[in-house]
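# Per-entry structural report
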Amino acid sequence: MNIFVLMKRTFDTEEKITIVDGKVSEEGAEFIINPYDEYAIEEAIQVRDKHGGEVTVVTVGNEDAEKELRTALAMGCDKAVLINIEDDVEEQDQYTTAKVLAEYLKDKNPDLILAGNVAIDGGSGQVGPRVAELLGIPYVTTITKLDIDGNKVTVIRDVEGDEEIIETSLPLLVTAQQGLNEPRYPSLPGIMKAKKKPLEELELDDLDLEEEDVEAKTKTIEVFLPPKREAGKILEGEIADQVKELVRLLRSEAKVV
Amino acid sequence: MNFELTKEQQMIKEMVRDFAEKEIAPYAAKWDEEAYFPVEVFKKMGELGLLGIPFPEKYGGSGGDTISYAIAVEEIGRACGGTGLSYAAAVSLGASPIYYFGTEEQKQKWLVPMAKGETLGAFGLTEPNAGSDAGGTRTTAVLDGDEYVINGEKCWITNAQYSRQVIVTAVTGKDERGKNIISAIIVPTDTPGFTIRSNYDKMGVRASNTCELVFENVRVPKENVLGDPKKGFKQFLYTLDGGRISIAALAVGIAQAAFEKALQYAKERVQFGQTISKFQAIQFKLADMAMEIELARNMVYKAAWLKDQGKPFTKEASFAKLFASEMGFRVCNQAIQIHGGYGYMKEYEVERHLRDIKLMEIGEGTSEIQRLVIARQLGC
Ligand SMILES: Cc1cc2nc3c(=O)[nH]c(=O)nc-3n(C[C@H](O)[C@H](O)[C@H](O)COP(=O)(O)OP(=O)(O)OC[C@H]3O[C@@H](n4cnc5c(N)ncnc54)[C@H](O)[C@@H]3O)c2cc1C
């Protein structure tokens with residue numbers, strides 16, 4: 001089976017976000033494999049071990065993503081592809097990423113493509129479904145179970161806590177939800193072997209794409225942090241006065257009534 | 001000169017940290033309380049290849065370097081000092097001597113299962129009357145036909161209850177000058193006459209398995225002698241040099257854990273209307289702690305690097321072990337101070353770090369012995 005995993009390098013969930021010059025600062029931040037993509041990687045490895053074939057992990061990013069790709073190889077993926085668009089594309093959005101990935105995948109005859117349900121940084125959850133649309137194959141999002149029997153695929157999908165059972169067929173794209181599996185730790189031998197596994201680096205040119213083809217469809221107007229939480233106000237005095245004051249504040253200050 | 005870890009080393013650091021945060025740290029307080037040895041965690045560590053980091057693949061290892069191994073010890077120690085000690089002892093004391101000095105047959109028989117994590121290993125040097133003065137070993141091994149017959153006792157031997165074999169030092173004769181010849185012998189733990197007990201009630205590293213060994217006419221085949229029978233003493237000095245790097249790494253890990261707790265606490269605890277991290281007295285403590293930890297870590301990496309390069313590292317390993325253990329004690333002590341009365345309570349888990357780190361100034365050569373080693377290296 002020809003299996004692909006779409007992987008993103010993201011901020012560590014424990015990082016504190018700071019904004020410099022209207023952009024989220026990456027200075028000194030730790031990066032990780034997007035946690036939902038870890039489920040996708042784990043599932044891909046399990047499917048391969050059961051049904052045979054090969055797992056290729058693909059990312060769109062810059063050369064720093066090599067570490068996360070190597071980690072995916074250390075977990076057990078067979079090959080890695082880094083599509084480096086840093087020098088070619090100035091503004092990037094979900095359309096850009098999906099378009100680049102779809103161009104890469106269109107002549108690879110994928111049987112199964114796995115992605116994370118969302119990336120914990122942007123949180124759009126769009127890239128997976130967009131890639132499937134561009135490739136013209138079915139997709140199922142937020143899956144918690146995947147069974148493949150020949151060409152027939154049975155998927156359990158998490159719908160806000162309920163389960164939906166879906167039957168579909170290969171080729172297929174799925175996005176992984178928490179609960180799909182328990183991602184393995186990359187083993188020491190895995191880490192040592194990862195450096196010998198193939199890691200291909202591509203640029204837009206190699207995919208016959210021009211910058212205009214992948215230009216972002218959205219424009220970021222402003223980036224800002226949520227307002228700082230102010231210390232609460234404690235009202236004092238007689239209860240009746242406090243209630244009056246509260247109503248007044250709700251009206252004039254909070255403007256909620 | 002390049003101070004950056006390689007990609008593999010970074011990946012190992014992340015993996016072990018991730019593993020230790022999920023599988024070890026949440027239980028460390030309980031294991032300390034109950035003096036419980038987490039054998040199931042060692043099984044998982046074995047499956048991940050952690051017990052074979054510095055050994056080549058042909059001996060069941062992962063083919064990593066000493067720096068990677070030190071990184072792993074630090075990260076496990078950051079989660080639990082006791083687990084860290086047993087890990088460091090398994091690799092540096094249990095397995096390494098067989099890798100350094102063993103015959104091909106001994107490596108296949110004893111090293112491979114340890115590197116794969118199927119069993120731990122132990123190294124029995126210390127005796128009730130021979131600690132720093134290891135030359136004063138009283139355990140004897142007398143050749144009788146094709147077998148050594150061993151009699152004596154050893155104390156405080158890490159991991160022996162979970163090991164298929166213990167490397168034991170014993171007097172096997174006298175040299176021309178009438179001095180004892182000490183040899184190292186591999187003794188399977190299921191040999192008749194070999195008793196292993198673990199009745200110690202320790203101050204710290206309580207999750208580590210610490211044993212008393214008693215040998216009563218224990219017979220092992222002659223070929224179980226490790227390396228050159230006349231050079232047992234030299235061999236364990238070399239073994240301890242390597243072990244010291246891991247004890248230093250362990251001290252860095254424990255200190256790092258204490259520092260992180262103290263920093264977080266200082267930013268949360270409010271007194272006199274502000275967090276105590278705003279007081280310069282507390283800031284200076286935290287600054288010293290962060291600095292000393294980083295200095296110690298750099299020394300650990302340097303000693304490990306020298307070892308990997310095949311260069312002399314005796315002095316640097318002692319520097320690392322001595323500085324890291326003493327700075328670690330200072331850091332853990334200050335971490336309690338920053339926590340005030342809360343730090344004195346078990347619930348806040350910093351007092352455990354102080355109890356754990358105290359061992360680093362004693363095991364694998366006390367601080368005094370480290371100073372002797374360094375002075376000797378200086379030609380004194
Ligand atoms: C938890 C734990 C685990 C251990 N694990 C192992 C193990 O796996 N294998 C093993 O073989 N041993 C192990 N040990 C033993 C440890 O290595 C010894 O405790 C250590 O070497 C010190 O020996 P000692 O306790 O006999 O102290 P002593 O040698 O009696 O020292 C007492 C004091 O005198 C000082 N002193 C001694 N000689 C000199 C000198 N010449 N100059 C100045 N000062 C001196 C010492 O520094 C120390 O302060 C372990 C110990 C503990 C507590």
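Summarised in this report is the structure supplied together with it. As the structure is a computational prediction, the values presented were derived from the model and not from experiment. Throughout this description, residue numbers start from 1 for each chain and increase along the sequence as written. Numbering of ligands from 1 and lettering of chains from A proceed in the order in which they are written. Two thresholds apply to this predicted model, a pLDDT of at least 70 for residue-level local features and 80 or more for giving and counting side-chain atom pairs, whereas whole-chain, interface and lining totals are computed over all residues. The basis for every side-chain value is the complete set of non-hydrogen atoms in the structure, without hydrogens or water.

### Overview of the interface of chain B and chain A
Note on definitions: a residue-residue contact is assigned when non-hydrogen atoms from the two residues lie within 4.5 Å. Each partner contributes to the interface: chain B provides 19 residues, whereas chain A provides 14 residues. Summing both partners gives a buried area of about 1,500 Å² for chain B against chain A, and 69% of it is carried by carbon and sulfur. Of all residues in chain B, the largest losses of buried area upon contact with chain A belong to Lys7(B), Glu8(B) and Met11(B), amounting jointly to 37% of the total for that side. By salt bridge we mean one thing: a side-chain nitrogen of Lys or Arg within 4 Å of a carboxyl oxygen of Asp or Glu. Salt-bridge contacts for Glu14(B) lead to Lys67(A); the nearest nitrogen and oxygen are separated by 2.6 Å. Any pair of N or O atoms that falls within 3.5 Å is considered a polar contact. Within protein, one atom must be able to donate a hydrogen and the other to accept it, and sequence-neighbouring residues count only if both atoms are side-chain atoms. Our count for the contact surface shared by chain B and chain A stands at three residue pairs in polar contact (both at pLDDT 80 or more). Simply put, the buried area is the total loss of 1.4 Å probe accessible area from both parts when two parts are fitted together.

### Some words on the site of the ligand
Residue and element names in this part refer to chain B. As a structural note, the neighbourhood of the ligand is formed by 15 residues, with Thr 126, Ser 132, Trp 156, Thr 366 and Glu 368 the closest of them. Between the ligand and the protein, one listed contact pairs a nitrogen atom with a backbone N or O atom of Phe 123 at 2.9 Å. Residue Thr 158 places a side-chain N or O atom 2.8 Å away from a nitrogen atom belonging to the ligand. When the free accessible area of the ligand is taken as 980 Å², the share hidden by the protein chains comes to 64%. If you list the elements that add at least two residues to the shell around the ligand, you get β3 (147-158) and α11 (367-377). Secondary structure elements are defined from DSSP: runs of H or I of at least 4 residues count as helices, runs of E of at least 2 residues count as strands, and each element is numbered from the N terminus. Per-element accounting of the shell around the ligand gives the leading share, three residues, to β3. We define proximity as follows: a residue is near a molecule or strand when any one of its heavy atoms falls within 4 Å of that partner. Per-residue accessibility takes into account occlusion by the displayed protein chains alone, with areas from the Shrake-Rupley method and a 1.4 Å probe.

### Let's talk about the pairing of strand β12 (residues 172-176) of chain A
Residue and element names in this part refer to chain A. Only protein chains enter the accessibility calculation, which uses a 1.4 Å probe; a residue whose area is less than 20% of its type maximum is buried, one above 50% is exposed, and one in between is partly exposed. Counting buried residues along β12, five of its five residues qualify, which places the element largely inside the surrounding structure. By the alternation rule, side chains of β12 split into Leu 172, Val 174 and Ala 176 and Leu 173 and Thr 175, which are all buried. When strand β8 (residues 112-116) meets β12, the two strands line up parallel, connected through five bridges. In the strand pairing of β12, Leu 112 is matched with Leu 172. Taken together, the three bridges between strand β9 (residues 139-149) and β12 define a ladder with parallel strand orientation. Paired with Val 140 across the two strands is Val 174, which belongs to β12. Two strands are said to pair when DSSP picks up at least two bridges between them.

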